Structure formats: C-alpha cells, structure tokens
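Each chain is listed here by its residues.
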Amino acid sequence: MFFSLVAIAAVIALFVIISRQQTRIALIERELGALRSLVLSGVPQPAPKAGAATEGAVAEAAAPPASEPVPAETAATTPDAPKVDMPAEAGEGTSAEPTGPAEAPAPAMAARDVETALGTRWAVWVGGIALALGGLFLIRYTIEAGIFGPGVRLTMAGILGLVLIAGAEFVRRTGFRVPVQGAAGAYIPSILTAAGAFILFGTVYAAHGIYGFIGPAPAFTLLGAIGIATIAAALVHGLALAGIGLLGAMVTPALVASQAPNPWALFVYLAIVLAATAAIARIRDWKALVAAAFAGTGIWTILYITDALEVNLASVMFISLATLAVLAFVWLGLFLNTGRDEPEPGFDWPSIAPSFFVALTALGLSVDPVFAKAGYALHGAVLLAALVAVALYRPLGLPLVFAAGLATVLIYLGIIPPATIGADALDVGLGAEPLAASDALTFRVGIALALVFIGAGFWAARRFAASAPVRSASWAAWAVIAPLVVLTALWLTFGDIDRDLGYALPGLLLVLVFAGGGEWIARSEEPPLAGGPAVSFALGGAGIAGLLMLHMAFSSGWTTVLLGAAAIVPALATRWRSYPVLGWIAVGAAVAVLGRVAFDPTIVGAAALSKTPVFNWLLLGYGVSAFAFGFAAWQLARTTDGRPRLAMEAASALFALLAIAMLVRHAMHGGVIDTGPVTLGEQAIYTLIALGAGAILVAIDMRSPSSVLRYGSMTAGVVSAGLIVIQHFVVLNPLVTDESTGTILFFNLLFLAYLLPAVAAGALALYVRDKRPRWYAAMLALVAALLAFAYATLSVRRLFKGEFIGLWSGLGQLETYTYSALWLVIGVALLTAGVWLRSQVLRIASAVLIAVAVLKVFLFDMSELEGVLRALSFIGLGAVLIGIGLFYQRLLTRAARE
C-alpha cells in the first residue's frame, strides 16, 4: 500500500514537471528568435546591469554565430535578456541568478518555487525512499512467492545495495552538481548512497537475525563496517549520510544478539566508531555529529552498568577513558595542528555529552552500594581526575570540569548521614543510612580529589586570568567549591560536630591556600590586582573556609562571638587591596552571625545562659558583633565603600538594638530569655529603644551621610509607631488586660508605657522636622499626642479605680465628667503647642480631640450625668469653645496685620 502511494506521488510529480518544461521550452524558443533578431539588426541597446549574466541555453542563444563577427560595441550593448528559469551547471562559472527584469510577478515566483521543490527536492527524496523500500519489498516478494532461496535473495539485495552505492559514486565522479540554488538537500549521490547503505544494513541483519547464515561476530563486524564506511562516505556526500551511518553503527549492538555477550567486543567496537566519527566530524566541523556519537557511546555505557548481572570494571574504565582520549586528541586535538594552542574564549558545546556520561559513570561507581562495597569508588575518582586533566589540557573542554565538580559534590553530599542534617524532620524516607559509602577509602579519595581541584583549578585560573576571565572564574570556583564540600562532608560524617580540632586545622589550611591563591591569580590579571571574578571566588572561598573553621574549632558561644569579630579582617584587608569582594566577605560574616542568633538567640543555649543581668553571653554575642560590624562599616567607608559598607552599617544598628532588647528581656524575666509572654512594661522598653535608635541613626547620618542610616532611622520610627498602635493601645492596654499598673501614684506602669514614649516620640518629631520628610515628623508628632492623651485618660481612671483599671469595673458620674474636662484641657494644650510650634498636625489633633469632647458631652454626658455635673459639663464646654473662637479671631487678625 505504501509503495503504491509513493509510486502515485512520483507519477504526479513527473507529470507536473513535464508539463511545466514544455511550456518553458516554447517560451525559450520565442525568446531565442527575438534575441537573434536584435543581435543581427545591430540596434544599440542599454548596457546590462553590473553583475548580470545569462544562463544555460539563453547565454548560448544570445552569442552570435562564429561565422558572423559582431562589433565590440554591438556586443557590449546586447539588451537585457528576459528572465528565464533555465538552470546552469554549477561548475560553468555562470551566475547562480538568471538575468531578467527585477519586477518579476510574485505569483510567478511562487509558482516557480513550488516547481523547483517538486522537481529538484521532493522527487529526489521520494525516489531515494522508493529505492530503499523497493529493495526490501523485492526481498519480501521473493520470500512470499518462493522464487529464490534465502541465499539468492540476500545476494540480490546485497548486489542492489552495492549497485546503488556504485551508481552514486559514478554520478558524483561524472561532474554532477546540485543544479538549482536551495536544492543542496536533494544531492542525488548522497541519497543513492544512503539508500544503498540502508539496504546493506537490512541484508546483513536478515542474514544473521532471520536466517542465521552468519554468526554474531561476523554480523557485528559487517554491520559496524557498513556504519563506519557510511560515515566515511559522508566526507563527500554530506552530514545527512553521516547521521544515517552513525545511527546504524549505534544500533548494531542491539540488532546482533549473543548468548554470551562480550563487553570488550562492545566497547572496543564503540571506541572505533567514536574515533572514526570524531575524526570525520573534525575534518568537516560537524559538531552535532560528534555530540551524537559521544551521547550514543555514553548511553551504551550506562545501559551496560545498569543491566549487566556482573559488571566488567576494566571494560567500563576502558570505554570511559577512550571517550576522553577521543575528545582530547581527536575532536579537540586539531587546534594544536592549526597552531592555536590558546583557542578563543568560550567552550566547545559537544564536550557536554562526554562530560555528562563520564561523570555519571563515576557517580554510579561511587554511590551504588554494590560498586562502593567492591571498592569501585577509587575507579570513579580516577575518572573524575581524568575529566579535570582533559579540561586542563584542552581549554575548550570546560564542561568537563563542571561535570567533575558536580559529581564530586553529589558523591560527598551523599556520604553525610541523614540524621546529621535533620532527615527526621525532612522525612525524606532515607532511614538512617547515607546515600554513599562512608569508609576509609572514601575519606582518602576525598582528600585526593580536593587536592586535584585545588591544584588544577588555581593553575588554570591564573593561566586564563588575563585572556579569558569567565573561564578563569569557572576554574577558581570549582577549586573552592569541591574542597569545601569534601571537607564539610568528611567533618559531618567522621568528625565531632560540636568541636573537632582535627578538622579545624585543614579548614585553616584552606583559608591560607585560598587567600594565597587569590593573590597569585590577581597578579596575573590585566591590569594586575584588579580583583576580578576568579579572585573573588578564591577570596570568597577563603572567607567561607574561615567561618567553617571557627565552627569546627570553638563551642557555640565563642563561635558566634568570633564570627562577628571576623568581619573586621576583610575590612582591614581593604587597606592593602581594593578588591570589591572583601566588603562582601564581611557581609557574609554578618549573615552567618544573624543565622546563628536566629537558630539560638541565647548564644550559648538557654540552660548555659547566666542569670546575671547585663554581664552575660548576650552582651558578648550581640555587643561584640555590633561593634565589629560598625568598625567594618567605618573602615569600608574609607576604602572600597559601596553597598557592603551600607550593609555593615545596617547590621551594626540591628545588632545594637538586638543587644539592648535581649538584655532587657533577660533582666525582666529573671535571667530566663525564652519563656513568658511580653508584658506592657517590657514592650515599653522595646519601644523606647526603637525610638532612641531612630534618633541615634539620624544623628550619625548627619555627621556621615548614608542611605542605610537614613532609611534605617525612618524604619525604626515607623516600626515604633506600629508597635505603639498595636501593642500599647490594643493588645497590652491595661483597660483590656487589667494588668496591675503599680502601687506608686506617679511612677507606675502608665508613666513607663505612655508618658515616656510620648516624650520620646515628641522629642524625635522635633529633632527630625528639618532632617526627614514631613510625613515622618508628622507621624511621630501624632503618635506623641495620642500617647499623651492615653496617659492622661488612663491616669484619671487609675485615680478613680486604683491599681487595676479594666473596663469591666464600670464608670462613675464624676469620672465621666472628669474625662470631658480633661479632654478639653488637652485639646486647648495641643492647640497652643500647635500654634507655638507651627505644627498643623497638632492643631488638627486638637480639633479632633475637642470634637470628640463635644460629641461626648452631647451624646453621653447629657444622658448619664445628673444635676450640677451635667450643668458644669455644658458650661465648661461652652466656655472652652468660645475661648477657642476668640483665640482664632485674634490669631487671624494678627496674621492680617502682618
């Protein structure tokens, strides 16, 4: 059925082509007659356009006969020939584009494109497929009809395949060229060769798999030879044929079955195919072909490792090392032959395929429990070291070092016992067993791999520091990442997590090595000591190694203190080297300390924290860090400056606030930091601290302007206002909680929680009036007014109710009248202060408070008060309102005079 459809399509295509050719031949005949008449008449014609040339028969027809000489002037003025679609042979030196008017109709162009596709590409492709299928159908027909025996049928098919290949070579050698521009994909010799190779593949497979005429070894050899020969033929026939040959070569091992498969035969065969493909691809620069060859070899390797009942380690090592050898000496080796020992910056993307599969093989040998118990982790390490070596030898093979680094990281993260990293909480289903074996061999291999990455990484980073900064940074990054992961994994697996000097010493050595390596790389930069990406990775690794070393060498409390103090070291280093990364290392120390105090706010644990007020681990843990961060910010402001300085200023201010807050909480809870709810008195202290911190930050910003200080001070004020509204007025309000306000008449909880914050907020509002935005000062002034109002109102209630002032204790008539009088007095006071301070916010607050008092008198006092208190309430309200009106009239009169 399929063959019938193909035949019908071919007939239709040929009919269309023939009909179109007849029309074109008639047109050409008419145009030839017109051109001959013009040439013989000798009429001058415009000169042809520059670069225009006639093609094929048109060019021959335009030339005068040899017996009739034409003057040079006449020949030079031959008119432009009409556009004719007669193709010229590619080897005749004529132009690929026909001569003719530029304004050819678009529909005609589209019609000719369809015709070209039918006649030059589709017909050839369909014909090639038909030939290949025809050979197979012929074999099938002889089988069904019983005309010939199996041997004769296979012989005929083989002869057909060879005839097609020979015919392709004959056509190519007779000077065949692609006749039409854009039809290179329909190169007839290539398609004939592909059809012949396809038939030969099918013939050999049938001889082995169907009839059993040949054994596995001859079939394997013949199929491989056909595949390699097809790939080699692609040198003259194109990339498509090479892809067909590579596909056939790669599926050959799956087609040839054997009772006792030999891994050596498989991998030697794959190595030969890979080497041949890489050599041919290198000659023609076919990157996709060599990438596919590497991928196919890698897939076969992984399939063998996962499916074989007993893995032959030597054969696996052979194919992995052979893959790297082909990459280094065949595919990437041609750069040496062209004199380019230092190729251009970047990387060779086909190297990603061998990198991935060789690294995956090494990972399997190291992580799989069966392989790990057999000691295969050593062989996996050899493969990882080989990846690094090839990447070092061939700079374009940069993906190899990434693959080796990732595999190393995954292996050594896998040896960490899940219980150490909290697998119980994560519920990852791994039980208590690590992913990879953690034994003495793993320990020694980890040290060896760390040394390999350090040595190769820093050497390559220095080599490319000036010419290829990205490549240099990649090497420096893995020279740092891999050793740090290995050291951390070994410490968590074999060492004492709380304190282990045996691992702290290697951590210190890494600090020195990374710092020295960064300086060594920096001296090779252009310009020297610029502190580029590679140097940043090296020095950043030194900083991380230092933080890790402190965790290993000291207990919890001293670790936090020393981590904070360590921020001073990179800040001081900016006096001698202006590397941008040094400031960020200091920021990293601040982040590490913040992480530790978030995990354990008590610094040394709640059980070990002393109950002595102030002088305890809280002062050291928070205070030393605040001082160190402040000093680092001061030092960075005088050297590198930039964002790290701003971050350190913010960290210093944050830890100063945390220090005061934690000490207050410690003192107010009897030395126990993490129990008991926050009280109103404690919250009042936190509010005063935040307001004071805002004022301090404003003062510092005035002397040393900084965006961190500016926005930090405003943040402190906004946070303070939010805490006051939520905590003081709602959550912890004594009217709601009925908390004891104290037995002393004046110096009590209301004084601490409302009057002092009111004074602090008002003072801060005055201080920042001309230093911060108007809305910020207005917000603080409004908060101060509300706090003063709350203090006065609650003090009146305490005067009537005593120590406990909860709302459920009710209201008396005299208390109710007192509130009205008090609010009117406060309103007048706010009005006076607003006029004196020229604060519109205070005047508006005064108006709001007086309006509230008016509503209270008319809506509440009228119904609740009786007798003289009701009369006094209205009399007082009227007097105050009249007085306010008189005050504003005089104020406006004075303003008008001025």
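Refer to the structure printed above.
Here's what I pulled together on the structure shown here. (Residues numbered from 1 in each chain as written. Predicted model: local features only at pLDDT ≥ 70, side-chain atom pairs only at ≥ 80, totals over all residues. Heavy atoms only, no water.)

1. Regarding the overall build of the protein
1) Next: Regarding its fold elements, the protein presents 34 helices and zero strands.
2) Next: When burial is assessed residue by residue, the protein has 43% of its 898 residues classed as buried.
3) Next: In the protein, the share of contacts with a sequence separation of at least 24, taken over all contacts with a separation of at least 6, comes to 72%.
4) Next: As displayed, the protein offers around 43700 Å² of accessible surface, 71% of which is attributable to carbon and sulfur atoms. (Helix = DSSP H or I, 4+ residues; strand = E, 2+ residues; numbered from the N terminus. Buried < 20%, exposed > 50% of the residue type's maximum accessible area, 1.4 Å probe, protein only. Contact = heavy atoms within 4.5 Å. Areas by Shrake-Rupley, 256 points an atom, 1.4 Å probe, with all protein chains shown as cover.)

2. A closer look at the packing of helix H9 (residues 263-284) against helix H10 (residues 287-307)
1) Next: Where H9 meets H10, the axes come as close as 9 Å, and the angle between the chain directions of the two elements is 170°. Comparing their axes, H10 and H9 come out roughly antiparallel. Considering the relative orientation of H9 and H10, their crossing is left-handed. Note on element contacts: H10 touches H9 through Leu 289, Val 290, Ala 293, Phe 294, Thr 297, Trp 300, Thr 301 and Tyr 304, opposite Pro 263, Leu 266, Phe 267, Leu 270, Leu 274, Thr 277, Ala 278 and Ala 281. (Axes fitted to C-alpha atoms, helices over the stretch in contact; angles between N-to-C directions. Parallel < 35°, antiparallel > 145°, perpendicular 65-115°, else oblique. Left-handed = near helix turned anticlockwise from the far one by under 90°.)

3. Details of unusual backbone geometry
1) Next: A cis geometry characterises the amide bond from Glu 526 onward to Pro 527, with omega recorded as 0°.
2) Next: Relative to the helices and strands, Pro 527 is located in the loop between helix H20 (501-522) and helix H21 (533-553).
3) Next: The phi dihedral of Leu 529 falls on the positive side, at around 60°, and the residue is not glycine.
4) Next: Backbone geometry at Asp 738 places phi at a positive 55°, although glycine is not the residue there.
5) Next: Here Asp 738 is to be found in the loop between helix H29 (734-737) and helix H30 (749-767).

4. Looking at a nonpolar patch on the surface
1) Next: Side chains of Ile 744, Leu 745, Phe 746, Phe 747, Leu 799, Phe 800 and Leu 814 sit close together on the surface and give an oily, nonpolar patch of about 760 Å² of accessible area.
2) Next: Relative to the elements of secondary structure, Phe 747 occurs in the loop between H29 and H30. (Patch = residues over 30% accessible without salt bridge, like charges linked within 9 Å, V, L, I, M, F, W, Y side chains within 5 Å. Salt bridge = Lys/Arg side-chain N within 4 Å of Asp/Glu carboxyl O.)

5. Focus on the environment of Gly 333
1) Next: Along the polypeptide, Gly 333 turns up in the loop between helix H11 (313-331) and helix H12 (334-337).
2) Next: By relative accessible area, Gly 333 is classed as buried at 6%.
3) Next: Along the backbone, Gly 333 and Arg 394 are 61 residues apart, and their C-alpha atoms lie at a distance of 7.9 Å.

6. Points about the pattern of salt bridges
1) Next: A complete count under the given rule lists six salt bridges for this structure.
2) Next: One salt bridge in this structure joins Glu 519 and Arg 523, with 3.1 Å as the shortest N-O distance.
3) Next: Glu 649 is the salt-bridge partner of Arg 645, the closest N and O atoms lying 2.9 Å from each other. Residue Arg 645 and its partner Glu 649 are both found in helix H26 (residues 643-668); the two are separated by four residues, about one turn of the helix.
4) Next: Beyond isolated ion pairs, a larger network of salt bridges with shared partners links Glu 519, Arg 523 and Arg 577.

7. Considering helix H22 (residues 556-565)
1) Next: Burial in H22 covers these residues: Gly 557, Thr 559, Thr 560, Val 561, Leu 563 and Gly 564.
2) Next: The secondary structure elements touched by the buried residues of H22 are H21, helix H24 (580-599) and helix H25 (617-637).

8. Brief notes about the packing of aromatic side chains
1) Next: Enumeration over the complete set of coordinates arrives at 14 aromatic pairs.
2) Next: Seen in terms of ring centroids, Phe 729 and Tyr 754 are 6.4 Å apart; in terms of plane orientation they differ by 15°. Their pairing is stacked. Placement of Phe 729 in helix H28 (residues 707-731) and of Tyr 754 in helix H30 is noted, with a sequence separation of 25 residues between them.
3) Next: The class of Phe 729 is partly exposed, set by a relative accessible area of 23%.
4) Next: Classification of Tyr 754 by relative accessible area gives buried; the value is 0%.
5) Next: Members of the aromatic cluster, each reached through a chain of ring pairs, are Tyr 622, Phe 629 and Phe 655.
6) Next: Just above the ring of Trp 331 sits the side chain of Arg 282; from NZ or CZ to the centre is 4.1 Å.
7) Next: It is Arg 471 that lies over the ring of Phe 464; its NZ or CZ is 5.0 Å from the centre. (Phe/Tyr/Trp six-rings, centres within 6.5 Å; stacked < 30°, edge-to-face > 60°. Lys NZ or Arg CZ within 6 Å of the ring centre and 35° of its normal.)

9. Description of H20
1) Next: The terminal C-alpha atoms of H20 lie 31 Å apart, and with 22 residues this matches the ideal 32 Å at 1.5 Å per residue to within 8%.
2) Next: When we look at burial in H20, the residues that qualify are Tyr 503, Ala 504, Gly 507, Leu 510, Val 511, Phe 514, Gly 517, Gly 518, Glu 519, Ile 521 and Ala 522.
3) Next: Buried-residue contacts for H20 involve helix H18 (440-463), helix H19 (469-494) and H21.
4) Next: Of the residues that open H20, the one with a side-chain oxygen 3.0 Å from the backbone nitrogen of Gly 502 is Asp 500. (Expected span 1.5 Å × (residues − 1). Polar contact = N/O pair within 3.5 Å; in protein donor to acceptor, adjacent residues only side chain to side chain.)

10. Points about empty space enclosed by the protein
Taking a probe equal in size to a water molecule and rolling it over the atoms shows the remaining empty space.
1) Next: Enumeration over the complete set of coordinates arrives at five cavities of 30 Å³ or more.
2) Next: Size it by volume and the second largest cavity reaches roughly 70 Å³.
3) Next: In this structure, the second largest cavity is lined by Phe 294, Thr 297, Gly 298, Thr 301, Ile 319, Ser 320, Thr 323, Pro 354, Phe 357, Val 358 and Thr 361.
4) Next: Counting only elements with at least two residues in the lining of the second largest cavity, the list comes to H10, H11 and helix H13 (352-367). (1 Å grid on protein atoms, 1.4 Å probe; cavity = no way out; pocket = protein on both sides within 12 Å on 5 of 7 lines; lining within 4 Å. Points joined across faces, edges and corners; volume = space filled by probe spheres on them.)

11. Points about the packing of H21 against H24
1) Next: Two elements in contact, H21 and H24, have axes whose closest approach is 10 Å; the angle formed by their N-to-C orientations is 30°. Between H21 and H24, the angle falls in the class roughly parallel. Note on packing geometry: the crossing formed by H21 with H24 is right-handed. Residue-level contacts link Ser 536, Leu 539, Gly 540, Gly 543, Leu 547 and His 551 of H21 to Val 581, Leu 582, Ile 585, Gly 588, Ala 589, Ala 592 and Arg 596 of H24.
2) Next: Tallied by class, the residues present in the contact of H21 with H24 amount to seven nonpolar, five polar and one charged. (Nonpolar A, V, L, I, M, F, W, Y, C, P; charged D, E, K, R; others polar.)

12. Some thoughts on the nonpolar core
1) Next: Core analysis: the largest hydrophobic core is formed by 137 residues, its most contacted members being Tyr 412, Trp 475, Phe 514 and Met 648.
2) Next: No other element matches the 14 residues that H19 contributes to this core.
3) Next: In terms of nonpolar packing, the next biggest core, distinct from the first, is built from 29 residues, Leu 735, Leu 764, Leu 780 and Tyr 791 among them. (Core = buried A, V, L, I, M, F, W, Y, C linked by side-chain atoms within 4.5 Å.)

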